[in-house]
Amino acid sequence: MASKIPLSVVAISLFIGLALATVDEEVGTIDFGYSGKNGPSYWGRVKPAYSACSGKNQSPINIIQKNTVLNQNMQLHSKEYKAVVNATLINWGHIIALHYSGHVGWMEINGTKYTFKQMHWHSPSEHLIDGRRYAAELHLVHEAEDHSTAVIAILYRYGNSPAEFDPFLAKLGQAFQKLSKEKSDKEHVTQVNVGMFNTNPLTQNSRKYFRYVGSFTTPPCTENVIWTVLGRVRFISKKQVEALRAPLMPGYKDNARPNQLFNGRQIELHDELERRITNLQIKKKRTNN
């Protein structure tokens, strides 16, 4: 059964428990939307705290692969997540998030350790690849000791076979159904205790990924966020996408921010297959010489 709790109580309890820390873009009364006078084009003017939404290094973006810079030295180290942890699925009204109790794990980027804090979904996808928008997108939010943030984005396309569908989402099916029975509003949230949950599906390595510096994709749109967008697109069913949207408030079921201006930023690409081909070519050249 889903429980309905005042937003302020949930936010305070999560902050005290360090399950959210300071990296969450969804804490607080919802005073922005995805259309009309408080839609994405106006976020930077809703209030001074959201002024960064009008910044020049915003997310999401359209990743044009031919314009990326190949960096085979770029790595995504040690996504060491615990196999089984206690989790709670929360409907914030505009987004569905999965929060974990205690320490879940961490990853390392450029020598900095980022602790895994929470994950949440957007549908349709926020990032585009070569102009293509996908069915959904999962964000794994991490925070370092200096409060800097790194996010891993996983894209989902529609699949045809149940064997293709993401098993991680499949295990949350009943929890999503419970959330749908009692809707959240702008002052209350609903939550379902998932219990001990296996995070192994999150640790699947991607041999190809893109990296750039951007921002949170909802207000306050904080910048200097390191984004790692995985190149391996996973599969999702239409029923699973409907489950992600059903509990959300009207006007927030399509919760993808439009892609933002690139403004000359650099997108780096790591491609394991390309690196292997290059190494083979170098080895062959040395042998011939």
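For clarity, every value in this text was computed on a predicted model and none was experimentally measured.

Asks: Could you clarify how one ought to interpret the nonpolar core in this entry?
Replies: A general feature of soluble globular proteins is that nonpolar side chains tend to end up buried together. Ranked by size, the top nonpolar core spans 40 residues in total, and within it Leu98, Tyr100, Met119 and Trp121 carry the most contacts. Ranked by size, the runner-up nonpolar core spans 17 residues in total, among them Ile129, Val151, Leu155 and Val233.

Asks: So what exactly am I meant to see when it comes to the pairing of strand S17 (residues 268-271) here?
Replies: Taken residue by residue, a regular strand's side chains alternate between the two faces of the sheet. Inspection of the sheet shows strand S3 (residues 69-70) paired to S17 by 2 bridges, in the parallel sense. Residue Leu70 lies in a different strand from S17, and its bridge partner there is Leu269.

Asks: How should the state of the cysteines be read in this particular structure?
Replies: Note: disulfide means a covalent bond formed between the sulfur atoms of two cysteine side chains. Going through the model one piece at a time under the given rule, you end up with 1 disulfide. In this model, Cys53 is linked to Cys221 through a disulfide, with the two sulfur atoms separated by 2.1 Å. Looking along the S-S bond of the Cys53-Cys221 disulfide, the torsion reads about 85°, which is the right-handed sense. Placement of the pair is Cys53 in the loop between helix H2 (43-46) and strand S2 (62-63) and Cys221 in the loop between strand S14 (208-215) and strand S15 (223-230), with a sequence separation of 168 residues. Across this residue pair, the class does not change: Cys53 and Cys221 are buried.

Asks: Explanation requested: the sheet that holds strand S9 (residues 128-129) in the structure shown.
Replies: Strand pairing in a sheet is mediated by backbone hydrogen bonds. Such pairs are either parallel or antiparallel. Taken together, the 3 strands give an open sheet; going across it, the order is S2-S9-S10, and neighbouring strands pair in mixed fashion. If you trace the sheet from one side to the other, it starts and ends with S2 and strand S10 (132-133), each paired once. Sheet topology note: the S2/S9 ladder contains 2 bridges and is parallel. Within S9, the residue paired with Asn62 across the bridge is Leu128.

Asks: Mind showing me how you'd approach the pattern of salt bridges here?
Replies: A side chain of one charge can pair with a side chain of the opposite charge if their charged atoms are brought near each other. The tally for this structure, following the rule as stated, stands at 2 salt bridges. A salt bridge links Asp31 to Lys47; the shortest N-O distance between them is 3.0 Å. Placement of the pair is Asp31 in the loop between helix H1 (7-16) and H2 and Lys47 in the loop between H2 and S2, with a sequence separation of 16 residues. Taking the relative accessible area as the measure of exposure, Asp31 reaches 26% and is therefore partly exposed.

Asks: What exactly am I supposed to notice about the packing of aromatic side chains here?
Replies: What characterises a pair of aromatic rings is the spacing of the ring centres plus the angle enclosed by the ring planes. Scanning the entire structure with this criterion turns up 6 aromatic pairs. For the ring pair Phe32 and Trp43, a centre distance of 5.3 Å and an interplane angle of 75° mean the geometry is edge-to-face. Of this pair, Phe32 sits in the loop between H1 and H2 while Trp43 sits in helix H2, and the two are 11 residues apart along the sequence. This pair shows no difference in class: Phe32 is buried, exactly as Trp43 is. Centre to centre, the rings of Tyr100 and Phe116 are 5.5 Å apart; their planes meet at 50°, and the pair counts as tilted. In this pair, Tyr100 is assigned in strand S6 (residues 96-100) and Phe116 in strand S8 (residues 112-122), connecting sequence segments 16 residues apart. Relative accessible area serves as the criterion here: at 1%, Tyr100 is assigned to the buried category. Relative accessible area serves as the criterion here: at 2%, Phe116 is assigned to the buried category. Feature note: the residues Phe32, Tyr34, Trp43 and Tyr252 constitute an aromatic cluster, connected by ring pairs. If you follow Lys113 out to its NZ or CZ, it ends over the ring of Trp106, 4.3 Å from the centre. Above the ring of Tyr158, the side-chain terminus of Lys238 is found at 5.9 Å from the ring centroid.

Asks: Quick question: what am I supposed to make of the pairing of S8 here?
Replies: Of all the 11 residues making up S8, 8 are buried; the element is thus mostly covered by neighbouring parts of the structure. Across 3 bridges, S6 lies against S8 in antiparallel orientation. Residue pairing for S8: His99 is matched across the bridge by Gln118. Examined bridge by bridge, strand S7 (residues 105-109) and S8 share 4 bridges and lie antiparallel to one another. Residue pairing in the sheet places Ile109 in a bridge with Thr112 of S8. From the end of S7 to the start of S8, which pair antiparallel, there are 2 residues, and Asn110 there has a positive phi angle of about 55°. Inspection of the sheet shows S8 paired to strand S11 (residues 136-143) by 7 bridges, in the antiparallel sense. Looking across to S11, one finds that Gln118 is bridged to Val141.

Parameters at a glance
- Residues numbered from 1 in each chain as written.
- Predicted model: local features only at pLDDT ≥ 70, side-chain atom pairs only at ≥ 80, totals over all residues.
- Heavy atoms only, no water.
- Core = buried A, V, L, I, M, F, W, Y, C linked by side-chain atoms within 4.5 Å.
- Buried < 20%, exposed > 50% of the residue type's maximum accessible area, 1.4 Å probe, protein only.
- Pairing = 2+ DSSP bridges.
- Helix = DSSP H or I, 4+ residues; strand = E, 2+ residues; numbered from the N terminus.
- Disulfide = S-S within 2.5 Å.
- Salt bridge = Lys/Arg side-chain N within 4 Å of Asp/Glu carboxyl O.
- Phe/Tyr/Trp six-rings, centres within 6.5 Å; stacked < 30°, edge-to-face > 60°.
- Lys NZ or Arg CZ within 6 Å of the ring centre and 35° of its normal.

None of this, on its own, says anything about what the molecule does.
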